[in-house]
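# Results of the structural survey
One-letter residues, chain by chain:
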Amino acid sequence: MNAAIGYTAIVAVAVASALIGFYGLRVSRTTSDFYVASRTVRPWWNASAIGGEYLSAASFLGIAGLILLTGSAALWFPIGYTAGYLMLLLFVAAPLRRSGAYTIPDFTEARLESVWARRVTSILVIVVGWFYIVPQLQGAALTVRITTGLPAWAGSLAVAVIVAVVVAAGGMRSITFVQAFQFWLKLTALAVPVVVLLLALGGTEPALPPVEAFPATAGPGDLEVYRTVSLMVALLLGTLGLPHVLVRFYTNPDGVAARRTTVIVLVLLSVFYLFPTAFGFLGRAFAPDLATSGDADALILLLPDRLIPGPVGDVLTALVIAGAFAAFLSTSSGLVVSLAGVISQDLLGGSVRGFRIAAVISSFVPLVVALATESTGLAGSVGLVFAFTASTLCPVLLLGIWWRGLTARGAVAGMLTGAVLSGTAILGGAAISAVLPGIRPFLEQPAAWTVPLAVLVTVLASRADRRGVPRGADAFLTRLHVPEAARRRRPV
Amino acid sequence: MSSDPERTDATPARVRVTAPRPGSAAASARPSPHPGTEAPTSDIAGVYVRSLIRTQLRLGVVFAVGFVVATALFVLAIAFVPELDATFVLGVPLSWLLLGIGVYPLAITVAGLYVRAASRNEARYRSLTEDE
């Protein structure tokens, strides 16, 4: 592949993101601008920004790679990534906006009136964020290695540095513009190549006949029930706890706008995921030789040049590289913003300077982890982060919004249970299933049993601690569920 | 008219919200700063609020279960009709295409219906509390 195309595309996206970031800096001066863009962001902007932030390396590269590698089981990933927003709409969007909290730790502290619950939540948010950034940096390493021939670490380092600089300089206000821009860039970067490839290939004989490219044994008829159900639990519920997604809901003007934003996000994601899916199908038919675990994630980067050699292929390749970098940058910067918010409020006094220091820390810890480990498939790693989030932050959030009886002890007990169980399954799964091969699926997709156990422990511990129900619980629930208009109209 | 600076109803003004600090507790998230706006002022108000919360929770659960059941039926239908594996559209089996595309319209439909129903519940709550 022509390395000049790779360099050009990567530099162009980096410069464009930085320019929009610094343009935003001029309107971002107060502390509240830094944290939540002063709550003036409109639903379409906000929805584009959520899409921009959410569509990570796993969505942009990972899904097509996994379809190529494993077949139709991979189609469940985009379904889960999208339907997670349905759960967010049904149970979280409007109440969370009405809570008036900035971050999940703010929410738990205000709801449970406990600094302890806040501390535990903060630590979990930071762990989730860091482990979510790692696959982004690994995706960047893969992209740089495949497209420029530079050593892989250069990609991870470049993304970490750009993100740290842009976030520390601009805060959330500028990030909203950057994210919205990057959603549309990512969509264009997949849609245009898919359309051009389909037009150019019309009638061309594929590398494999359809019956071999799409065997029924890898098709929807061959459903692994436990794995699919557990993956869906992780993706549907994990979305509820993602710190970088939730922080976006505070930028809606009110609860009704938060709901409208969520529906728009669903539509945007549904349209977006058609294209990685199409890439995956094209890959199975035309590039089956890429189906090796190391290279499958690069399918989207390699396919245009391979199917249409020449200038058209070069332009399409530049476009997908740009889109991929937009994915790494936007997800990482969204995560760094929310992590920096949490770290600076908890440790550094909540000042703008503290936010900047925290942004740099939040970018470099995952960089170290990414450099020290090797990618095992982008969609899969992000799926595991969802399983961890679903087992830890999601039960507390759901019960905090809907159940008056939740107590600080119950919340902490549930979060720790979920963290220990899913953390053990994710980190120690390979070692344990070497001894006990029978439980391998339960460790590889833990959410189906870790989430119910975490909820159960939360409820039982809260029940045992009835006197621990916060005094302000009723007032807080009222605030979460009563529409803003009714609050304003009430006589003071 | 649009230049009138007093038009705050249509265009919400930028709200300055300070970052809460741990220890001093999430100040902006505390349900206390505007007396009378959050805490139920009477038993009747509390009953209305609790009934609103229950209604909204039931609505969310019904829609979530509906979505999961509909998706499961859809997937089982695909899995148990082998003809779909043998029918090719643009070189891709129909079963793969249906699984890759079919669930999204369902999710969007459920979302749209939910937003209408949830807003209706809130409107009913508002009309109840105004009658008070």
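Here the structure is a predicted model, which means the values were calculated and not measured.

Conventions used here
- Residues numbered from 1 in each chain as written.
- Chains lettered and ligands numbered in written order.
- Predicted model: local features only at pLDDT ≥ 70, side-chain atom pairs only at ≥ 80, totals over all residues.
- Helix = DSSP H or I, 4+ residues; strand = E, 2+ residues; numbered from the N terminus.
- Buried ≥ 20, exposed ≤ 12 C-beta atoms within 10 Å, placed from the backbone.
- Contact = placed C-beta atoms within 7 Å.
- Rg over C-alpha atoms; globule rule 2.2 N^0.38 Å.
- Axes fitted to C-alpha atoms, helices over the stretch in contact; angles between N-to-C directions.
- Parallel < 35°, antiparallel > 145°, perpendicular 65-115°, else oblique.
- Nonpolar A, V, L, I, M, F, W, Y, C, P; charged D, E, K, R; others polar.
- Core = buried A, V, L, I, M, F, W, Y, C linked by C-beta atoms within 7 Å.
- pLDDT = per-residue confidence, 0-100.
- Expected span 1.5 Å × (residues − 1).
- Left-handed = near helix turned anticlockwise from the far one by under 90°.

### Some words on the overall build of chain B
Helices and strands together make up the secondary structure of chain B, namely four helices and two strands. Taking all 132 residues of chain B together, the buried fraction comes to 28%. In chain B, 52% of the contacts between residues at least 6 apart in sequence involve partners at least 24 apart.

### Overview of the overall build of chain A
Across its full length, chain A holds 22 helices and zero strands. For a compact globule of 492 residues, the expected C-alpha radius of gyration is about 23 Å, and chain A comes in at 22 Å, within 12% of that figure. Expressed along its principal axes, the backbone C-alpha trace of chain A runs to roughly 70 × 55 × 40 Å. Relative to all contacts within chain A whose residues are 6 or more apart in sequence, the contacts with residues 24 or more apart total 84%.

### Comments concerning the packing of helix H17 (residues 378-402) of chain A against helix H18 (residues 408-435) of chain A
Residues and elements named next belong to chain A. Across the interface, H17 lies against H18 with an axial gap of 8 Å and an inter-helix angle of 170°. Relative to H18, the element H17 is oriented roughly antiparallel. Taken together, the residues of H18 that come into contact with H17 (itself represented by Leu 384, Ala 387, Phe 388, Ser 391, Thr 392, Pro 395 and Val 396) are Ala 411, Gly 414, Met 415, Gly 418, Ala 419, Leu 421, Ser 422, Gly 423 and Ile 426. For the contact of H17 with H18, the residue count by class is 10 nonpolar, six polar and no charged.

### Digging into the nonpolar core
Counting residues in hydrophobic clusters, the biggest one holds 206 residues, and the most contacted among them are Leu 86, Phe 279, Leu 299 and Ala 322 of chain A. The biggest single contributor to this core is helix H9 (residues 152-201) of chain A, with 21 residues. Setting aside residues no more than four positions away along its own chain, Leu 86 of chain A makes contact with Leu 266 of chain A together with Phe 67, Ala 107, Val 110 and Ala 111 of chain B.

### What about unusual backbone geometry?
With a phi angle near 50°, Glu 113 of chain A is a residue other than glycine that sits in the positive phi range. Among the structural elements, Glu 113 of chain A can be located in the loop between helix H7 (104-112) and helix H8 (115-148). You will see that Leu 90 of chain B, though not glycine, has its phi angle at about 55°, which is positive. Tracing the backbone through its elements, the reader meets Leu 90 of chain B in the loop between strand E1 (88-89) and strand E2 (92-93). Accessibility expressed as a C-beta count within 10 Å gives 12 for Leu 90 of chain B, which makes it exposed.

### A look at the environment of Gln 445 of chain A
Residues and elements named next belong to chain A. Secondary-structure assignment places Gln 445 in the loop between helix H19 (440-444) and helix H20 (447-463). Separated by 62 residues in the primary sequence, Gln 445 and Gly 383 have C-alpha atoms spaced 8.8 Å apart. Here Gln 445 is in contact with Arg 227, Ser 230 and Leu 231, once residues within four sequence places are set aside.

### A word on the confidence of the model for chain A
Put simply, chain A has an average pLDDT of 84, and 92% of its residues get 70 or more. Considering only residues more than four positions removed or in separate chains, one finds that residues 28-38 of chain A, a stretch of pLDDT under 50, has 36 contacts.

### Focus on the environment of Phe 77 of chain A
All names here are of chain A. Structurally, the position occupied by Phe 77 is in helix H5 (residues 76-91). Owing to 25 C-beta atoms within 10 Å, Phe 77 belongs among the buried residues under this scheme. Residue contacts for Phe 77: discarding those within four places in its chain leaves Ile 63, Leu 66, Ala 379 and Gly 383.

### Overview of the environment of Ala 107 of chain B
The residue Ala 107 of chain B is located in helix H4 (residues 103-131) in this model. Expressed as a C-alpha distance, the spacing of Ala 107 of chain B and Ala 45 of chain B, which sit 62 residues apart in the sequence, is 35 Å. Not counting residues up to four positions away in its chain, the partners in contact with Ala 107 of chain B are Thr 82, Ala 83, Leu 86, Leu 266 and Ser 270 of chain A together with Phe 67 of chain B.

### A short note on the confidence of the model for chain B
Residue and element names in this part refer to chain B. When pLDDT is averaged along chain B, the result is 74; 67% of the residues meet or exceed 70. Here residues 1-11 is modelled with pLDDT under 50, and outside its nearest four sequence neighbours on either side it reaches one contact, counting other chains as well. Scoring the predicted complex yields pTM 0.86 and, for the interface, ipTM 0.87.

### Overview of helix H1 (residues 43-79) of chain B
With 37 residues, H1 of chain B extends 54 Å between its outermost C-alpha atoms, agreeing within 8% with the 54 Å of an ideal straight helix rising 1.5 Å per residue. Restricting attention to buried positions, one finds in H1 of chain B the residues Tyr 48, Val 49, Leu 52, Ile 53, Gln 56, Gly 60, Phe 63, Phe 67 and Ile 78 of chain B.

### Quick word on the packing of H8 of chain A against helix H16 (residues 352-372) of chain A
Residue and element names in this part refer to chain A. At a closest axis distance of 8 Å, the pairing of H8 and H16 adopts a crossing angle of 60°. One way to sum up the angle between H8 and H16 is to call them oblique. Crossing of H8 against H16: the hand is right-handed. In this structure, H8 uses Gly 129, Trp 130, Ile 133, Val 134, Leu 137 and Gln 138 to contact H16, whose residues at the interface are Ser 362, Val 365, Pro 366, Leu 367, Val 369 and Ala 370. Here the contact of H8 with H16 is built from residues that sort into nine nonpolar, three polar and no charged.

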